[in-house]
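Residue-level structure breakdown
Residue strings, one per chain:
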Amino acid sequence: MNNFDVKNIIRRFKINCKSATYSLIYICVFVWLVEIILHTFSPNLYQVLIENTAFSPFLIKKSIWTWFTSMFVHSPGFSHIFFNMLCLYSLGIELEKFFGRWKFFFLYAISGLGGCVATLLYCKITGNWFLSAYGASGAIMGLIGALLVAQWRLGENTRGTLIWIALTLAMPIIIPNIAWQAHVGGLITGTILATLLGVNNPILKKASFNERFAIYSLLILIVLLSICMLCIC
């Protein structure tokens, strides 16, 4: 019964909050619970919440914050949040050990941003601006891309990760209304960042891992923002 003691639960919660993986999961689950409450008791407020947190290219100039908030919002159904959090937990525990807390969090965030930019670019190319995307899957795809690069460089078997990526990218064929553009953008962003970190760049030969991570992240961020400006101007 001690395992269900309130003090033990609070203590474990505080310890877990020191982990970026657990913190991201807690935030996503908390937001999802708020969504469930609003969706059940106040559908109008729920609609307002989604309109102000989901990434909608058509409204992006008025709702800049949705670049970030869209990574933490999910559909009210259980499957969306469950599978995303399961993937985040499976990937995060190991990747966070390698990258460290804050670099892992930034990898997650910049991958999610890459997913948003890919959605925006798709709207620009097709002329269909009435799309919206939300959920952690774009950011999670970036984590999968980083895992693939790490496995390849360590000489580990990448078959399982490749199958995972293939199934995720093929999912929109089976399940409608999935923002596959965000999946592709997140995957590309995370893969590129992880690949650059392993490149033997003579210019950054004396730079530490933290310095190289900061430099390459900044370069990718500049590229993403440049694509964004070209799309909305």
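Model, not experiment: these values are computed from the prediction. What you see as residue numbers is a count from 1 along each chain, following the sequence as written. Totals for whole chains, interfaces and linings use all residues, but because this is a predicted model, local features are given only for residues with pLDDT of at least 70 and pairs of side-chain atoms are given and counted only at 80 or more. Only hydrogens and water are set aside when side-chain values are computed; all heavy atoms of the structure are taken into account.

Description of a nonpolar patch on the surface
- Excluding any residue in a salt bridge, patches collect residues exceeding 30% relative accessible area, merging like charges within 9 Å and nonpolar Val, Leu, Ile, Met, Phe, Trp and Tyr side chains within 5 Å. Here the open area of atoms and residues is found with the Shrake-Rupley method and a 1.4 Å probe, where only the protein chains shown may cover a residue. Each salt bridge in this description consists of a side-chain nitrogen of Lys or Arg and a carboxyl oxygen of Asp or Glu lying within 4 Å of one another. Residues F78, F82, F83 and L86 make up a contiguous nonpolar surface patch of roughly 420 Å² in combined accessible area.
- Comment: elements are numbered from the N terminus, with helices defined as DSSP H or I runs of at least four residues and strands as E runs of at least two. Mapped onto the fold, F82 is located in helix 5 (residues 78–99).
- When accessible area is computed with a 1.4 Å probe and restricted to protein chains, residues below 20% of their type maximum are described as buried, those above 50% as exposed, and intermediate ones as partly exposed. Using a relative accessible area of 37% as the deciding quantity, one classes F82 as partly exposed.

Some details on the layout of surface pockets
- Its volume calculated, the largest pocket comes out at about 800 Å³.
- Cavity means a closed set of points on a 1 Å grid over the protein atoms alone, one where a 1.4 Å probe fits but cannot get out, pocket means an open set with protein on both sides within 12 Å along at least 5 of 7 lines, and lining means a residue has an atom within 4 Å of a point. For the largest pocket, the lining is made up of 35 residues, of which H80, N84, S137, I178 and H183 are closest to its centre.
- At the level of elements, helix 5, helix 6 (101–126), helix 7 (137–153), helix 8 (159–174) and helix 9 (180–197) are the ones that each hand at least two residues to the lining of the largest pocket.
- Ranked by residues supplied to the lining of the largest pocket, first place goes to helix 7 with six residues.
- A class-by-class count of the residues in the lining of the largest pocket yields 20 nonpolar, 15 polar and no charged.
- Grid points are joined across faces, edges and corners, and a volume is the space filled by probe spheres set on the points. By volume, the second largest pocket amounts to about 350 Å³.
- In this structure, the second largest pocket is lined by 16 residues; those nearest its centre are F98, A146, A150, Q151 and L154.
- If you list the elements that add at least two residues to the lining of the second largest pocket, you get helix 5, helix 7 and helix 9.
- Counting residues per element, the lining of the second largest pocket draws most heavily on helix 7, which supplies six residues.
- Following the grouping adopted for this structure description, the nonpolar residues are Ala, Val, Leu, Ile, Met, Phe, Trp, Tyr, Cys and Pro, the charged ones are Asp, Glu, Lys and Arg, and the polar ones are all others, Gly among them. Across the lining of the second largest pocket, the residue classes tally to eleven nonpolar, two polar and three charged.

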